[in-house]
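# A closer look at the structure
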Amino acid sequence: GLLLVCAAVATFVDVVSSRSETFATTSAGFGLRLRGAGPQAEDVTIARGFSSASRGWARFSSQETSSLSSSAMWLSMAAALVGATLSARHRFLTQSRALSPEAEERKRRFRLLEASRKPRRSFTRHVKTYGGNGPPRAPRWLPGWQPDPNDEKQVNLSPLTKPRYGPECPPWMTYERWQTFGANVKCRSIRWWKRSFDSNGNRRINPKETYTIAKAIDIIFDMYNDSPSEMDPTLECMMRMALDPKYPDQQIRLNISLPHGTGQSKRVAVFCPPDEEEEVLKMGAYKAGKTLQDELEQEEFDFDVLIAKPAMMPALAKLGKILGPRRLMPSPKSGTVVQDLQAGIQTWLGGGAIELRNNSCMMVGCACGKISMGKQKCIENFRAVLKGLADKAPPGAVDKKVFWKVVYLGSTQTPSIRIAESEWPNHTKGSGGGGGDKK
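Small disclaimer: the values here were computed from a predicted structure and weren't measured.

On to the overall build of the protein chain. From N to C terminus, the protein chain includes 15 helices and 13 strands. Sorting the 439 residues of the protein chain into buried and exposed places 37% on the buried side. Of all intrachain contacts in the protein chain linking residues separated by at least 6 positions in sequence, the fraction that spans at least 24 positions is 62%.

Following this line, the structure appears as structure tokens:
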């Protein structure tokens, strides 16, 4: 807009200077002489404000002004008007305007909707088996498989009797039954099918229903009884909080001690002076002292948890840009800044302590134990996660009526089970976070 205004002014000045008449002061008294710009223009004398050819001068320029000059002048005026309009519109749109909470929520939902419309490939899809983006392709080892006539790659292919690797397909999963499912079920693994459905092909859980913690644990253990795993599966929970991550007093970063641990051993590194390295290594630390400092400067990270004393935090602050994005920076909130190094090492070494931290979508996830622990220990660990999160709720969440939006419990290659709200502990101030009571 400003460029258009400047261009219009420059054009206007050029037209006036080249085609209009100029003024000059006469040598006699109070008169002005009006000189024509053209080669044959006559001089007109104006004395004391009176012009002998006032009619010709009133038109601003003489009759010799060409139509081209008049068009350029009108064009410059139009450009100036358009430029001023664009400048005013740009200023109006760029000035800061505070939105109401309802408008901010609508804006956030619109962004999430636009992000969900972007094409993306599910992480559960095996490209060689089900194809890439687009509708899933039926695997050839399904009983009753038939080539797709619209797919040129399948015209000359023959069916397979069994998968090339992995477990065999359940007998109830035929080509006709596979066609009835949605893409989120079609592209799953055979182990997921066996654990999500019983031997008759019926779903073990209803995605629209909620379950108690004990019932959810029973269903997950029944899945592994029908389809055992070669490794020790991990019990995991995923929670979406009813908080806003843009407010510091609503962000979650804390540590929780599980009564039976996670069943996973962690490598604990200790940031300490070089003269304390041998002593700290005897306590059970994975790395410490000068060796750890050299590896941190070279950005080599082969440990799971980094702990330090408060006196060492100023020296460790130089590495904040390296440790922060990797979530390895010690913090009092996460329980990694300790006074007693031996107690801190033992707490994190056996997996008894876990750190909870939200992401940009306010999702919080963690491991609650191993299937090999048994049902009762898994139930107690999961209840400890909920209770610890409620007891250490951030200040901005204490006055909120709703703390959790949804809570899911699942394991390796199993569907997620939604936990009932009656199992959510109370997070309000002074309640103590008792488990099993609804807010």
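Of note, Met362 is a non-glycine position whose phi angle comes to about 60 degrees, a positive value. With respect to the helices and strands, Met362 occurs in the loop between β10 (353-357) and β11 (363-370). A positive phi angle, close to 55 degrees, is found at Gln413, a residue other than glycine. Among the structural elements, Gln413 can be located in the loop between β12 (404-410) and β13 (417-418).

Within the span of helix α11 (residues 289-297), buried status applies to Gly289, Leu292, Gln293, Glu295 and Leu296. Buried positions in α11, seen along its axis, are confined to an arc of 165 degrees and lie on one side of it. Its buried side turned inward, α11 meets β7 (268-271), α10 (277-282), β8 (287-288), β9 (305-308) and α13 (320-323).

Another point: the pairing of β9. Side chains Val305 and Ile307 of β9 all project onto a buried face; the interleaved residues Leu306 and Ala308 project onto the opposite face, where all are buried too. Bridge count for β7 against β9 is four bridges, and the pairing is parallel. Within β9, the residue paired with Ala269 across the bridge is Leu306.

Moving on to the sheet that holds β9. Taken in spatial order, the three strands make up an open sheet running β8-β7-β9, and their pairing is parallel. Looking at strand neighbours, the two that pair on one side only are β8 and β9, the edges of this open sheet. Here two bridges tie β7 to β8, and the two strands are oriented parallel to one another. Considered in β8, the bridge of Ala269 is made with Lys287.

Under the defined criterion, the tally for this structure stands at 11 salt bridges. Residues Glu355 and Arg253 are paired through a salt bridge, measuring 3.4 Å at the closest nitrogen-oxygen approach. Taken as a pair, Glu355 in strand β10 and Arg253 in strand β6 (residues 253-257) lie far apart in primary sequence, 102 residues in all. For Glu355, a relative accessible area of 26% translates into the label partly exposed. Judged by relative accessible area, Arg253 falls into the partly exposed class, the value being 27%. The residue Arg357 makes a salt bridge to Glu355 at a minimum N-O spacing of 2.9 Å. Salt bridges linked by common partners bring Arg253, Glu355 and Arg357 together as one network.

Strand order in the open sheet made by the four strands is β11-β5-β12-β13, with antiparallel pairing throughout. In this open sheet, the two edge strands, each paired with only one partner strand, are β11 and β13. With two bridges joining them, β12 and β13 adopt antiparallel strand pairing. Note that in β13 the partner of Leu409 across the bridge is Ile417. Along the sheet, helix α9 (residues 213-226) contacts β5 (234-241), β12 and β13; its crossing angle with β12, the most-contacted strand, is approximately 30 degrees.

Okay, the packing of aromatic side chains next. Under the counting rule described, the total for this entry stands at six aromatic pairs. Ring geometry for Trp404 and Trp424: centres 6.1 Å apart, planes at 50 degrees, overall tilted. Of the two residues, Trp404 is situated in strand β12 and Trp424 in the segment after β13; the sequence distance between them amounts to 20 residues. Accessibility expressed as a relative area gives 1% for Trp404, which makes it buried. Judged by its relative accessible area of 3%, Trp424 is buried.

So, about the environment of Thr212. With respect to the helices and strands, Thr212 occurs in the loop between α8 (190-196) and α9. Between the alpha carbons of Thr212 and Trp424 there is a distance of 10.0 Å; along the sequence they are 212 residues apart. Setting aside anything within four residues of it in sequence, one finds Thr212 in contact with Ile419 and Glu423.

This paragraph deals with helix α14 (residues 341-349). Along α14, the residues classified as buried are Leu341, Gly344, Ile345 and Trp348. Relative to the axis of α14, the buried residues are bounded by an arc of 100 degrees and lie together on one face. For α14, the N-terminal capping position is held by Asp340, with its side-chain oxygen 3.3 Å away from the main-chain nitrogen of Gln342. Phi turns positive, to about 80 degrees, at Gly351, one or two residues after α14.

A word on the packing of α9 against helix α15 (residues 375-391). Their axes nearest at 10 Å, the elements α9 and α15 cross at an angle of 135 degrees. For the element pair α9 / α15, the angle class is oblique. Viewed along their axes, α9 and α15 form a crossing whose handedness is right-handed. Facing α9, whose interface residues are Ile213, Ala214, Ile217, Asp218 and Phe221, α15 presents Lys375, Cys378, Ile379, Phe382, Arg383 and Leu386. In terms of residue class, the contact of α9 with α15 is built from eight nonpolar, no polar and three charged.

The next thing to look at is the confidence of the model for the protein chain. Of the residues in the protein chain, 74% have a pLDDT of 70 or more, and the chain-wide mean is 78. The least confident element of the protein chain is strand β1 (residues 22-25), whose mean pLDDT is 38; the most confident is β13, at 96. Within the model, pLDDT remains below 50 along residues 119-124, and this stretch shows seven contacts once partners closer than five positions in the same chain are excluded. Throughout residues 430-439 the model reports pLDDT below 50, and contacts reaching past four residues in sequence, or to other chains, amount to 28 contacts.

So, how was this worked out
- Along each chain, the written sequence defines residue order, and numbers are assigned to residues from 1.
- Totals for whole chains, interfaces and linings use all residues, but because this is a predicted model, local features are given only for residues with pLDDT of at least 70 and pairs of side-chain atoms are given and counted only at 80 or more.
- Derived side-chain values reflect all non-hydrogen atoms in the structure, with water molecules and hydrogen atoms excluded from consideration.
- The secondary structure listing takes helices from DSSP runs of H or I that are at least 4 residues long and strands from runs of E that are at least 2 residues long, numbered from the N terminus.
- Think of it in three bands: with a 1.4 Å probe and only protein chains considered, a residue is buried below 20% of the maximum accessible area for its type, exposed above 50%, and partly exposed in between.
- A contact between two residues is defined here by any heavy atoms of the two lying within 4.5 Å.
- The directions from the helix axis to the C-beta atoms are what the arc is built from.
- At least two DSSP bridges between two strands are required for those strands to pair.
- Here, a salt bridge means any side-chain nitrogen of Lys or Arg that lies within 4 Å of a carboxyl oxygen of Asp or Glu.
- Every axis in this analysis is a line fitted to C-alpha atoms, fitted for helices over the stretch in contact. Angles between the N-to-C directions lie between 0 and 180 degrees.
- Any two of the Phe, Tyr and Trp rings considered here, Trp counted by its six-membered ring, make a pair once their centres fall within 6.5 Å; the pair's planes then place it as stacked at under 30 degrees, edge-to-face at over 60, or tilted in between.
- As used in this structure description, the phrase polar contact means that two N or O atoms lie within 3.5 Å; if the pair is within protein, one of them must be able to donate a hydrogen and the other to accept it, and residues adjacent in sequence are counted only when both atoms belong to side chains.
- Throughout, the term roughly parallel applies to angles under 35 degrees, roughly antiparallel to angles over 145, roughly perpendicular to angles from 65 to 115, and oblique to all others.
- The sense of a crossing depends on the near helix, which, turned anticlockwise from the far helix by less than a right angle, makes the crossing left-handed and, turned clockwise, makes it right-handed.
- Note that Gly is not counted as nonpolar here; it falls among the polar residues with everything else outside the nonpolar set of Ala, Val, Leu, Ile, Met, Phe, Trp, Tyr, Cys and Pro and the charged set of Asp, Glu, Lys and Arg.
- Note on scores: pLDDT gives the predictor's confidence for each residue, bounded by 0 and 100.

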